[in-house]
2 protein chains.
Amino acid sequence: MVNEFQISDMLTKLFGNISFSDTPAGLYDPLRYMIALGGKQIRPRLCLTTYALYKDKFGDDILQPAAALEVFHNFTLIHDDIMDHSPIRRGQPTVWNKWGDDTAILSGDVMCIDSYKRIAKAPAKVLPQVMELFSKTAAQVCEGQQMDMDFEVLSEVPMSDYMEMIGLKTGVLIACAAKMGALIGGASGDDCEKLYNYGYTLGLAFQVADDFLDAYGNEATFGKPIGGDIVNNKKSWLTTRALEKADEILHQQILDIEDLPVDTSEEKAFKIARMKDLYEKLHIEEDAKYEIIRLTDQALGYAATVCTGVRYEILRRFAERLVGRVK
Amino acid sequence: MVNEFQISDMLTKLFGNISFSDTPAGLYDPLRYMIALGGKQIRPRLCLTTYALYKDKFGDDILQPAAALEVFHNFTLIHDDIMDHSPIRRGQPTVWNKWGDDTAILSGDVMCIDSYKRIAKAPAKVLPQVMELFSKTAAQVCEGQQMDMDFEVLSEVPMSDYMEMIGLKTGVLIACAAKMGALIGGASGDDCEKLYNYGYTLGLAFQVADDFLDAYGNEATFGKPIGGDIVNNKKSWLTTRALEKADEILHQQILDIEDLPVDTSEEKAFKIARMKDLYEKLHIEEDAKYEIIRLTDQALGYAATVCTGVRYEILRRFAERLVGRVK
């Protein structure tokens, strides 16, 4: 069976050699730029990993659909960054910030279309199912982004709505990656569904871990300033949980902290510290860690119904790698 | 053989009953809005027309891919309207104007994805070819929009570049519609290519006719104020041809007219009149009519190599309907 190191090599080759059209350069340069910025390539890695559970031979009919997942993910980032007015991603200017909104819209569009070109390389006999899975997922990702934007104008959202939103925005594409690899690898329908659930639950764990690290991570490994969600009053698992647990007095304190000014770096640091004090009172840090473990265990439960031994281990290590930054 | 009236009935039913997801409403309302605004449904009509040359039975495996062409076209309009800052389309506020840029970006994205959901309904045995055709076309449409934006900062473009741009922005999707109907209908590869060329050339004729009508049309039937391209210094077949024919003195006059102010309706009318005087000196109106006829005849030449009799007539009448507004 192909192992993680071989999969890493395949990913390096796949994205090192990835080609887009050359002209018009104004349209395709941002695609090359986004892919060159890198990223964890979680989705293609997972797709190749679940494929490896069933097949040893890796051709374009699995490599290109795997690449499609990363290309599609980057398309959503380009458009999300316009909507969120985010100037920086992975330490570099975002596409709209570097080339303007119009280019970011249009290059995003052609990147979405490029992902379908790659999806079309799936074996003809499973192409209709792969297409259905991918398009359904792609629409759900947009629905998740819409929910996220709808949440911005609310002072509070129920935890069930928050989990639904991250399920759509993050969970379904990771689930799709896991299922697609299995589908192209020739897995049974039953295995495909279980691996979908493995990916979905792991995606939730990954997002909660990301929210956790935004407040409790290490800036160097996290890659962005700590406390950004708190500064920007961004809905996260932590605030959602805190508002859910708080009594009337603490509830009001949270809203008061959200109103604090953040013009200077001192004010930002003060706001972050005040919110983290409040999290401490409510044991939010522990709750988040517990939730990440609970979700990861649930994901591994699905994995264990699909395979055992070395095959199970590869799925366990994938999960560890994805959410293991939280200890 | 199914005739035009039956195709019109199918289109009415197809778009009258078209369904998109209900939630989140903020995401899907603009899709329903765009389809309800109507339009000429040229692309699905052509797709059903070329299919009808080969098959009499119309199921979802042709109707949904035909609908995909209209859905995709409307997605490009939503995003183009953001980039062009167009406030009105088909007499109603554009999506960004009604719901804001963020919604217009995201609803456009999900509309693009929706078109692929419908493409996936093509018969499994031709799905890989249909996918390849559609994705290649979709990317070219984006390339055409990029060229169009690149042209905005140039004072003049060669006619060959202008024709390439309208070929990408308008020609290829009409060509794709013609070929896709044939492909799903089971036509030979040779017929598919000829029908592609028929659609492409007809698409060019259609765009030149649109440019012509912008200056010489009837406001009531054209649907927008006459002279909009002239007022906005938009590159059109007419200006491109005029600059190509003009001597040094007339060339300078065109550039001077482009610099005229257009703040009041009197100023607009004056600018339009001055430019049309100049067109008259250069016989641009006649040149445009001749070009439309030349391209239409070329398209019909391709049609004549595919079929004769009543089958040829249906393609001839389609062309007549599309560019016949110019007499």
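So, how was this worked out
Residues numbered from 1 in each chain as written. Chains lettered and ligands numbered in written order. Predicted model: local features only at pLDDT ≥ 70, side-chain atom pairs only at ≥ 80, totals over all residues. Helix = DSSP H or I, 4+ residues; strand = E, 2+ residues; numbered from the N terminus. Buried ≥ 20, exposed ≤ 12 C-beta atoms within 10 Å, placed from the backbone. Contact = placed C-beta atoms within 7 Å. Least-squares fit on C-alpha atoms with pLDDT ≥ 70 in both. Axes fitted to C-alpha atoms, helices over the stretch in contact; angles between N-to-C directions. Parallel < 35°, antiparallel > 145°, perpendicular 65-115°, else oblique. Left-handed = near helix turned anticlockwise from the far one by under 90°. Nonpolar A, V, L, I, M, F, W, Y, C, P; charged D, E, K, R; others polar. Core = buried A, V, L, I, M, F, W, Y, C linked by C-beta atoms within 7 Å. Domains from an automatic or database assignment. pLDDT = per-residue confidence, 0-100. Expected span 1.5 Å × (residues − 1). Arc of directions from axis to C-beta.

S.K.: What should I look at first to understand the overall build of chain A in this one?
M.R.: On a plain count of helices and strands, chain A comes out with 16 helices and two strands. Along the first, second and third principal axes, the C-alpha set of chain A runs to 60 × 50 × 30 Å. Scored against the burial criterion, the 327 residues of chain A give a buried share of 48%. Across chain A, every contact between residues at least 6 apart in sequence was considered, and the portion connecting residues at least 24 apart equals 73%.

S.K.: Looking at this structure, how should I read the relation of the copies chain A and chain B?
M.R.: Relating one copy of the chain to the other takes a rotation about an axis and a shift parallel to that axis. Once turned by 180 degrees and shifted 0.0 Å along the axis, chain A lies on chain B with an RMSD of 0.0 Å. As the rotation angle and translation indicate, the two copies are arranged about a two-fold axis. Counting the interface residues of chain A, we find that 100% of their copies in chain B are interface residues as well, pointing to one common contact surface.

S.K.: Even after reading the chapter, I still don't get the packing of helix H3 (residues 42-52) of chain A against helix H4 (residues 60-84) of chain A, so can you show me in this structure?
M.R.: The relative placement of two packed helices comes down to the angle between their axes together with the axis-to-axis distance. Residues and elements named next belong to chain A. Two elements in contact, H3 and H4, have axes whose closest approach is 8 Å; the angle formed by their N-to-C orientations is 155 degrees. Taken together, the axes of H3 and H4 are roughly antiparallel relative to one another. Note that H3 runs across H4; the crossing there is right-handed. Packed against H3, whose contacting residues are Arg 43, Pro 44, Cys 47, Leu 48 and Tyr 51, the element H4 presents Ile 62, Pro 65, Ala 66, Ala 67, Leu 69, Glu 70 and His 73 at the interface. In the contact of H3 with H4, the residues fall into nine nonpolar, one polar and two charged.

S.K.: Just to check I follow, could you spell out the nonpolar core for this structure?
M.R.: Across soluble globular proteins, nonpolar side chains have a tendency to be buried as a group. Val 130, Ile 174 and Ala 205 of chain A together with Val 130, Ile 174 and Ala 205 of chain B are the most contacted members of the largest nonpolar core, which has 198 residues in total. Leave out the neighbours within four places in its chain, and Val 130 of chain A touches Pro 65, Ile 119, Ala 122, Met 180, Leu 183 and Ile 184 of chain A.

S.K.: Mind showing me how you'd approach the domain arrangement of chain A here?
M.R.: The extent of an interface is frequently quoted as the accessible surface area lost upon association of the parts. Residues and elements named next belong to chain A. Along its sequence, chain A is organised into domain 1 (11-187) and domain 2 (197-298). Taken over C-alpha atoms, the centre of domain 1 sits 26 Å from the centre of domain 2. Taken together, the contacts link 20 residues of domain 1 with 16 residues of domain 2. When residues of the side of domain 1 that touches domain 2 are assigned to their parent elements, the largest contribution, 13 residues, is made by helix H8 (residues 159-185). Of the residues assigned to the side of domain 1 that touches domain 2, the class counts are 12 nonpolar, five polar and three charged.

S.K.: Help me understand the interface of chain A and chain B in this model?
M.R.: Listed by partner, the interface residues are 32 residues for chain A and 32 residues for chain B. Breaking the side of chain A that touches chain B down by element, the ones donating at least two residues are helix H2 (25-36), H4, helix H6 (101-119) and helix H7 (127-152) of chain A. Take the side of chain A that touches chain B: its biggest share by element is 14 residues, from H7 of chain A. Looking at the side of chain A that touches chain B residue by residue, the class counts come to 20 nonpolar, five polar and seven charged.

S.K.: What am I meant to see in the packing of helix H13 (residues 248-258) of chain A against helix H14 (residues 265-282) of chain A here?
M.R.: All names here are of chain A. Relative to each other, H13 and H14 sit at 160 degrees, their axes nearing to 10 Å. One finds that H13 runs roughly antiparallel with respect to H14. Both H13 and H14 take part in a crossing whose hand is left-handed. Residues Leu 250, Gln 253, Ile 254 and Ile 257 of H13 pack against Lys 271, Arg 274, Met 275, Leu 278, Lys 281 and Leu 282 of H14.

S.K.: Got a minute to help me understand unusual backbone geometry in this structure?
M.R.: When glycine is set aside, most residues are seen to have a negative phi, and most peptide bonds are trans. The residue after Thr 23 of chain A, namely Pro 24 of chain A, is reached through a cis peptide bond having omega -5 degrees. Relative to the helices and strands, Pro 24 of chain A is located in the loop between helix H1 (4-16) and H2. Unlike most non-glycine residues, Arg 90 of chain B shows phi in positive territory, near 50 degrees. Backbone geometry places Asn 233 of chain B, a non-glycine residue, at a positive phi of 50 degrees. With respect to the helices and strands, the residue Asn 233 of chain B is situated in the loop between helix H11 (228-231) and helix H12 (237-245). Judged by the 18 C-beta atoms lying within 10 Å of it, Asn 233 of chain B is partly exposed.

S.K.: I'm lost on the confidence of the model for chain A in this one. Help?
M.R.: Do not read the fine detail of predicted coordinates wherever pLDDT is low. This prediction gives chain A a mean pLDDT of 95; 99% of its residues lie at or above 70. Here the predicted complex carries an ipTM of 0.94, next to a pTM of 0.95.

S.K.: I keep staring at the environment of Gln 92 of chain B and nothing clicks. Help me out?
M.R.: Residues and elements named next belong to chain B. Checked against the element boundaries, Gln 92 lands in strand E2 (residues 92-93). On the neighbour-count criterion, Gln 92 (14 C-beta atoms within 10 Å) is partly exposed. Considered as a pair, Gln 92 and Tyr 33 are 59 residues apart in the sequence and their alpha carbons are 10.0 Å apart.

S.K.: Teacher, can you tell me more about the environment of Lys 281 of chain B here?
M.R.: Residues and elements named next belong to chain B. One can find Lys 281 in helix H14 (residues 265-282). We classify Lys 281 as exposed; it has 12 C-beta atoms within 10 Å. A C-alpha to C-alpha distance of 9.3 Å links Lys 281 and Leu 250, two positions 31 residues apart in sequence.

S.K.: Sorry, what's going on with the environment of Met 131 of chain A here?
M.R.: Looking at the element boundaries, Met 131 of chain A is found in helix H7. C-alpha separation for the pair Met 131 of chain A and Leu 255 of chain A, spaced 124 residues apart in sequence, amounts to 44 Å. Excluding anything up to four places from it in sequence, Met 131 of chain A contacts Ile 119 of chain A together with Ala 120 of chain B.

S.K.: I tried to follow helix H16 (residues 309-323) of chain B on my own but got confused; where do I start?
M.R.: Quick reminder: α-helices carry 3.6 residues per turn. Residues three or four places apart thus point the same way. All names here are of chain B. Taking 1.5 Å of rise per residue, 15 residues should cover 21 Å, and H16 covers 21 Å from first to last C-alpha, within 8% of that figure. Those residues of H16 lying buried are Ile 314, Leu 315, Phe 318, Ala 319, Leu 322 and Val 323. Along H16, the residues classed as buried sweep out an arc of 145 degrees about the axis, all on the same side. In H16, the exposed residues that point more than 90 degrees away from the buried face are Gly 309, Val 310 and Glu 320. Against helix H1 (4-16), helix H3 (42-52), helix H9 (189-216) and helix H15 (284-306) lie the buried residues of H16.

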